[in-house]
Amino acid sequence: MFTLAQFPLPYATDALAPYISAETIETHHGKHVAGYIDNLNKLIANTPYESVSLMDIIQESAGKSDEQKIFNNAAQVYNHDFFFHGMCPKCTAEIPDEIIEQFGSAENFKKQFKDAATSVFGSGYTWLVRDGDVLRIINTMNADTPIVHNMKPILNLDVWEHAYYLDYKNKRANFIDAFLDNLVNWNFVAENLKQ
Ligand code: MN
């Protein structure tokens, strides 16, 4: 059994305003993530997955057509926990040097990340990942997650419509700008780059 309390927000629901409203955070975390957890609990009840860690459920169910629902809900719990930890209110840390070195400049990194996030057609995420020795920006669809593709997540942005529609309506590009310019927790990013 998983609970929402195991995946708490690292800040108050109104802490990211005005860039993300309390209503969006309350719905996104308190309803959507809670829903994925409820679904996952129902799907794994009375199966061997009942006593397995979330990460192991994701790895074990990935690519198995008869376990697609288990994978989707488990991966969504992970993807969202990572997303919420990748933001902070009044962040002051600087973008890490390694990102500037690989992408040429902070502006170039942001441009490439924004281009990728803008191009997600449908529901998905944009990620900065470590893939072997290099940092790459990739998109994943639906609940897919880099951890089942041998890539290490460094940062992600949820571009499912539920992530921004209450605040930005159809203007996803404005949400992406607000995220990159005001919300990214570069300390979290720096920690992920070290590991
Ligand atoms: Mn979401």
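None of the values given here were measured: they were computed from a predicted structure.

Chemist: I'm lost on the overall build of the protein chain in this one. Help?
Modeler: Within the protein chain, the secondary structure is distributed over eight helices and three strands. Listing the helices and strands of the protein chain from first to last along the sequence gives α-α-α-α-α-β-β-β-α-α-α. Whereas a compact globule of 195 residues would reach a radius of gyration of roughly 16 Å, the protein chain reaches 16 Å, a difference of no more than 12%. Referenced to the eigenvectors of the C-alpha coordinate spread, the extents of the protein chain come out at roughly 50 × 40 × 30 Å. When the 195 residues of the protein chain are sorted by exposure, 48% land in the buried category. Element-wise, carbon and sulfur atoms account for 50% of the exposed surface of the protein chain, whose accessible area totals about 9600 Å².

Chemist: Help me understand the packing of aromatic side chains, please; the structure alone is not making it clear to me.
Modeler: To describe a pair of aromatic rings, you give the distance between the ring centres and the angle between the ring planes. Inspection of every chain in the model, using the stated rule, returns 13 aromatic pairs. Between Phe109 and Phe113, the aromatic rings sit 5.7 Å apart at their centres with planes inclined by 45°, giving tilted as the arrangement. Here Phe113 and Phe109 lie together in helix H5 (residues 106-119), a separation of four residues that amounts to about one turn. Accessibility expressed as a relative area gives 0% for Phe109, which makes it buried. Taking the centre distance of 6.2 Å and the plane angle of 70° together, the rings of Phe109 and Trp186 count as edge-to-face. Placement of Phe109 in helix H5 and of Trp186 in helix H8 (residues 186-194) is noted, with a sequence separation of 77 residues between them. By way of ring pairs, the aromatic residues Phe83, Phe84, Phe103, Phe109, Phe113, Phe179 and Trp186 are connected into one cluster.

Chemist: I tried to follow the sheet that holds strand E2 (residues 134-141) on my own but got confused; where do I start?
Modeler: Through backbone hydrogen bonds, the strands of a sheet pair up, either in parallel or in antiparallel fashion. Here we have three strands laid out as an open sheet, ordered E2-E1-E3, and antiparallel in their pairing. On the outer flanks of this sheet lie E2 and strand E3 (152-158), each paired with one strand and no other. Strand-to-strand twist in this sheet, taken as the mean axis angle between neighbours without regard to direction, amounts to 20°. Contacts from helix H3 (residues 68-85) reach strand E1 (124-131) and E3 within the one sheet, and its direction differs from that of E3 by about 85°. Its contacts with the sheet place H8 against E1, E2 and E3, and it is angled at close to 150° to E3.

Chemist: Looking at this structure, how should I read the pairing of E1?
Modeler: In the case of a regular strand, side chains alternate between the two sheet surfaces. Counting buried positions along E1 yields seven of eight residues, so the element is predominantly enclosed. Sheet topology note: the E1/E2 ladder contains eight bridges and is antiparallel. Looking at the pairing, Arg130 lines up with Leu135 of E2. Where E1 folds back onto E2 in an antiparallel hairpin, the turn is made up of two residues, including Gly132, whose phi is positive at roughly 65°. Sheet analysis places E1 next to E3, joined by six bridges and oriented antiparallel. Of the residues in E3, the one forming a bridge with Leu128 is Leu155.

Chemist: Before we go on, may I ask you to explain the pattern of salt bridges in this structure?
Modeler: Considering all chains together, one arrives at seven salt bridges under this definition. Ionic pairing is found between Glu60 and Lys64, a salt bridge with its closest N-O pair at 3.9 Å. Residue classification places Lys64 among the partly exposed residues on the basis of a relative accessible area of 35%. Of the charged contacts, one joins Glu98 and Arg130 as a salt bridge, the two residues approaching to 2.8 Å between their closest N and O atoms. Of this pair, Glu98 sits in helix H4 (residues 97-103) while Arg130 is found in strand E1, placing the two residues 32 residues apart along the sequence. Taking the relative accessible area as the measure of exposure, Glu98 reaches 23% and is therefore partly exposed. The exposure class assigned to Arg130 is buried, which follows from its relative accessible area of 18%.

What counts and how
- Residues numbered from 1 in each chain as written.
- Predicted model: local features only at pLDDT ≥ 70, side-chain atom pairs only at ≥ 80, totals over all residues.
- Heavy atoms only, no water.
- Helix = DSSP H or I, 4+ residues; strand = E, 2+ residues; numbered from the N terminus.
- Rg over C-alpha atoms; globule rule 2.2 N^0.38 Å.
- Buried < 20%, exposed > 50% of the residue type's maximum accessible area, 1.4 Å probe, protein only.
- Areas by Shrake-Rupley, 256 points an atom, 1.4 Å probe, with all protein chains shown as cover.
- Phe/Tyr/Trp six-rings, centres within 6.5 Å; stacked < 30°, edge-to-face > 60°.
- Pairing = 2+ DSSP bridges.
- Axes fitted to C-alpha atoms, helices over the stretch in contact; angles between N-to-C directions.
- Contact = heavy atoms within 4.5 Å.
- Salt bridge = Lys/Arg side-chain N within 4 Å of Asp/Glu carboxyl O.

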